[in-house]
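# Coordinates in review
So you can see what is in the structure, the chains are spelled out below.
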Amino acid sequence: MERSESTTHLVIASKEGNNDALGQLLERYRGYLLMLAHRFLSERLRRRIDPADIVQLTFLEAKRDLASFRGSSPAEFAAWLRGVLKNNVASAVTRHVTTQKRSLKREVDGNKPSPNDSGGGAWIQQLPGSTTSPSGVAIRTEATMALLEALHQLPETQAEAIRLRYMEGLPLAEIVERMGKSDTAVAGLLKRGLQKLRTILDHDMSPWL
């Protein structure tokens, strides 16, 4: 994706009614929202609720309800999207678990996904940095899933800083803008996050670290 426009500029342009800017802006947060959806849904629920579907619904609602966003910075926009996503996750869980009254105990074992299982990895390919050659898709997907699972063990801000730096490959300046934190704060998040991840992940299985 072209990154000639700053995220701050895209937020401002979107609020002024520029639909192209809004489309670009939302795409910059796709990876963040996928990570959050994965974090908010248990492993069993991810076999019934596709995180990518939750993100797509969040995008649609963000376009519809943009007028309700009162902030002006990328960090405020991210927080607003997070709230929309979290509500959509809660609604999906209620619909699939409570309304349909299906017991999670009846789900197939996680090591034996059903043919119609959309939550077991296909959506991972939507994450920035997840595309690779056909021969390496399975390995890359496995490594991405392992990293996402490990990120769940980090505070959310550390996880997002790590994702932006090592999965999207963004420079420090853009991460600072995106997260609304100082250079020093972001550097600290990256340092602490990496220290923790290196105690969790196999370095050979993690192409980002």
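Residues numbered from 1 in each chain as written. Predicted model: local features only at pLDDT ≥ 70, side-chain atom pairs only at ≥ 80, totals over all residues. Heavy atoms only, no water.

### A word on the overall build of the protein
Just so we agree on the cut-off: Helix and strand definitions here come from DSSP, where helices need a minimum of 4 consecutive H or I residues and strands a minimum of 2 consecutive E residues; each element is numbered from the N-terminal end. We call two residues in contact when some of their heavy atoms are within 4.5 Å. Per-residue and other accessible areas follow the Shrake-Rupley method at a 1.4 Å probe size, with only the shown protein chains counted as cover for residues.
Looking only at helices and strands, the protein has 10 helices and zero strands in total. Order of helices (α) and strands (β) in the protein, N terminus to C terminus: α-α-α-α-α-α-α-α-α-α. Within the protein, residue pairs in contact and separated by at least 24 positions form 70% of the contacts whose partners lie at least 6 positions apart. Accessible area for the protein stands at about 10,800 Å²; split by element, carbon and sulfur atoms hold 50% of it.

### Some thoughts on the nonpolar core
As a reminder, the rule being used: By nonpolar core we mean a set of buried residues, namely Ala, Val, Leu, Ile, Met, Phe, Trp, Tyr and Cys, connected to one another through side-chain atoms within 4.5 Å. A 1.4 Å probe rolled over the protein chains alone gives each residue an accessible area, and that area as a share of the maximum for its type sets the label: buried under 20%, exposed over 50%, partly exposed in between.
Among the nonpolar cores identified, the biggest contains 52 residues, and Phe77, Trp80, Leu81, Leu85, Leu151 and Leu197 are the most heavily contacted of them. The greatest single-element share of this core, amounting to eight residues, is contributed by helix α6 (residues 74-99).

### Some words on the layout of surface pockets
The line we're drawing: The distinction between a cavity and a pocket rests on a 1 Å grid over the protein atoms alone: a 1.4 Å probe fits inside a cavity but cannot get out, while a pocket stays open yet meets protein on both sides within 12 Å along at least five of seven lines, and a residue with an atom within 4 Å of a point counts as lining. Grid points are joined across faces, edges and corners, and a volume is the space filled by probe spheres set on the points.
Within this model, the second largest pocket holds a volume of roughly 200 Å³. Of all elements in the fold, only α6, α8 (156-167) and α9 (172-179) reach the threshold of two or more residues within the lining of the second largest pocket. Looking at the lining of the second largest pocket element by element, the count peaks at four residues for α6.

### Structural notes on the pattern of salt bridges
So the rule is basically this: A side-chain nitrogen of Lys or Arg and a carboxyl oxygen of Asp or Glu constitute a salt bridge if their distance falls within 4 Å.
All chains considered together, the criterion is met by seven salt bridges. With its nearest N and O atoms 2.8 Å apart, the salt bridge here joins Arg163 to Glu160. Of this pair, Arg163 and Glu160 both sit in helix α8, separated by three residues, roughly a single helical turn. There is no split in this pair, since Arg163 and Glu160 are both buried. Close ionic contact of Glu168 with Arg163 constitutes a salt bridge, the shortest N to O distance being 2.6 Å.

### Some details on α9
Among all positions in α9, only Glu174, Ile175, Val176, Arg178 and Met179 are buried. One or two positions beyond α9, positive phi appears at Gly180, with a value near 70°.

### Regarding the packing of aromatic side chains
We apply this condition: Paired rings are identified among Phe, Tyr and Trp, the last through its six-membered ring, by centres lying within 6.5 Å, and are further divided according to the angle between planes into stacked (under 30 degrees), edge-to-face (over 60) and tilted (the rest). A ring is scored as having a charge over it whenever the NZ atom of a lysine or the CZ atom of an arginine sits within 6 Å of its centre and within 35 degrees of its normal.
If you walk through the whole model with that rule in mind, you get five aromatic pairs. Judged by centre distance (6.5 Å) and plane angle (70°), the rings of Tyr29 and Tyr32 are edge-to-face. Take Tyr29: its relative accessible area is 1%, and that puts it in the buried class. Positioned over the ring face of Phe40 is Lys86, at 5.6 Å from the centre of the ring. The ring of Tyr166 has Arg165 lying over it, and the distance from NZ or CZ to the ring centre is 5.6 Å.

### Re the environment of Thr8
Looking at the secondary structure, you find Thr8 in helix α1 (residues 7-15). Overall, Thr8 belongs to the partly exposed group, its relative accessible area being 28%. The spacing of Thr8 and Ser73 is 65 residues in sequence and 5.8 Å in space, taken between C-alpha atoms. If sequence neighbours within four positions are ignored, Thr8 has contacts with Pro74 and Glu177.

### Description of the confidence of the model for the protein
Note the cut-off: Predictor confidence is given residue by residue as pLDDT, running from a minimum of 0 to a maximum of 100.
With 73% of its residues at a pLDDT of at least 70, the protein reaches an overall mean of 82. Every residue in residues 108-121 scores below 50 in pLDDT, and together they form 15 contacts with partners more than four places removed in sequence or on other chains.

### Some thoughts on helix α10 (residues 183-200)
Worth spelling out the cut-off: Each helix should span, by expectation, one fewer than its residue count multiplied by 1.5 Å.
Here α10 spans 26 Å end to end across 18 residues, near enough to the 26 Å set by a 1.5 Å rise per residue. When α10 is considered as a whole, its buried residues turn out to be Val186, Gly188, Leu189, Leu190, Gly193, Leu194 and Leu197.

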